[in-house]
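Structural overview
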Amino acid sequence: MLFFVKVRVDHTGISEKELWDLWEKEAESALAAKGAGKIVSLYKVVGQRRVVMIVNVESHDELDRLAMGTMPMRHILECEEILPVRNYEDFAKDVKCRWKL
């Protein structure tokens, strides 16, 4: 299952050094997840403390476990938006056959 995920970093209550130390660990974790295929695309929003990504997980439960339990910055990340998405190529095939199964 593919999901678009947009997160904001709420860094209130931690020092700038703590923020960047955590973000370094988060970056290592995110790049490892990308290498493992869990993260399909990953982008840092320019000029903001936000990240957007497309993730590939088996279920809603897996997404929740990843977000709540394994991410180094989980206690300062706020999920602003999570949307289920599908490959456009698959949608285009459905359009071409007019949704016939």
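Before reading on, note that the structure itself is shown above.
Throughout, a residue's number is its position along its own chain's written sequence, starting from 1. Reporting of local features is limited, given that this is a predicted model, to residues whose pLDDT is at least 70; pairs of side-chain atoms are given and counted only at 80 or more, and all residues count toward the totals for whole chains, interfaces and linings. Just so you know, side-chain values use all the structure's heavy atoms and leave hydrogens and water out.

Observations concerning the side chain of Glu 26
Secondary structure follows DSSP: runs of H or I at least 4 residues long count as helices, runs of E at least 2 residues long count as strands, and numbering of each begins at the N terminus. When you line up the elements, Glu 26 lands in helix H1 (residues 16-35). One buried charged residue, Glu 26, remains without a salt bridge, the closest side chain of opposite sign being Arg 74 at 7.0 Å. Non-local contacts of Glu 26, meaning those with residues more than four positions away in its chain, are made with Met 71, Pro 72, Met 73 and Leu 77. Throughout this description, buried means an accessible area under 20% of the type-specific maximum (1.4 Å probe, protein chains only), exposed means over 50%, and partly exposed covers the range between. The sign given to each residue is positive for Lys and Arg and negative for Asp and Glu; His and the chain ends receive no count. In the sections that follow, a salt bridge refers to a side-chain nitrogen of Lys or Arg positioned within 4 Å of a carboxyl oxygen of Asp or Glu. The contact definition used throughout considers only heavy atoms, calling two residues in contact when any of these lie within 4.5 Å.

Brief notes about the nonpolar core
Soluble globular proteins: nonpolar side chains tend toward being buried together. Buried Ala, Val, Leu, Ile, Met, Phe, Trp, Tyr and Cys residues that are joined via side-chain atoms within 4.5 Å together make up what is termed a nonpolar core. One finds Val 5, Val 9, Met 53, Val 55 and Met 73 to be the most contacted residues of the largest nonpolar core, which totals 18 residues. For this core, the secondary-structure elements that each account for two or more residues are strand S1 (2-9), H1 and strand S3 (50-56). Once you skip the residues sitting within four places of it in the chain, Val 55 turns out to touch Met 1, Leu 2, Phe 3, Val 5, Lys 38, Ile 39, Val 40 and Leu 63.

Describing the environment of Ser 41
Among the secondary structure elements, Ser 41 is positioned in strand S2 (residues 39-44). Separated by eleven residues in the primary sequence, Ser 41 and Ala 30 place their C-alpha atoms 10 Å from one another. Once you skip the residues sitting within four places of it in the chain, Ser 41 turns out to touch Val 52, Met 53 and Ile 54.

Topic: the side chain of Glu 62
With respect to the helices and strands, the residue Glu 62 is situated in helix H2 (residues 60-70). Overall, Glu 62 belongs to the buried group, its relative accessible area being 16%. Polar contacts, as counted here, are pairs of nitrogen or oxygen atoms within 3.5 Å of one another; within protein the pair requires one atom able to donate a hydrogen and one able to accept it, and residues that are adjacent in sequence qualify only if both atoms are side-chain atoms. At a separation of 2.6 Å, a polar atom in the side chain of Glu 62 contacts the main-chain amide nitrogen of Glu 58. What Glu 62 contacts, discounting residues up to four positions off in sequence, is Lys 38 and Val 57.

Looking at the environment of Trp 99
Structurally, Trp 99 can be placed in the segment after helix H3 (88-96). C-alpha separation for the pair Trp 99 and Val 7, spaced 92 residues apart in sequence, amounts to 34 Å. Here Trp 99 is in contact with Arg 86, Phe 91 and Asp 94, once residues within four sequence places are set aside.

Some remarks on the environment of Met 53
Turning to its location among the elements, Met 53 is positioned in strand S3. Each C-alpha atom, one on Met 53 and one on Ser 15, is 26 Å from the other, the two residues being 38 residues apart in sequence.

Quick notes on the sheet that holds S1
If you walk across this open sheet you meet the four strands as S2-S3-S1-S4, and the pairing is antiparallel. Of all strands in the sheet, those bounded by a partner on one side alone are S2 and strand S4 (77-85). Averaged over all adjacent pairs, the angle separating strand axes in this sheet is 15°, with direction ignored. Two elements, S1 and S4, share eight bridges in a ladder whose sense is antiparallel. Paired with Arg 8 across the bridge in S4 is Glu 78. Running at roughly 150° to S2, H1 makes contact with S1, S2, S3 and S4 of the sheet. For two strands to count as paired, DSSP must find a minimum of two bridges between them. Each axis is a line fitted through C-alpha atoms, taken for helices only over the stretch in contact, and angles between the N-to-C directions span 0 to 180 degrees.

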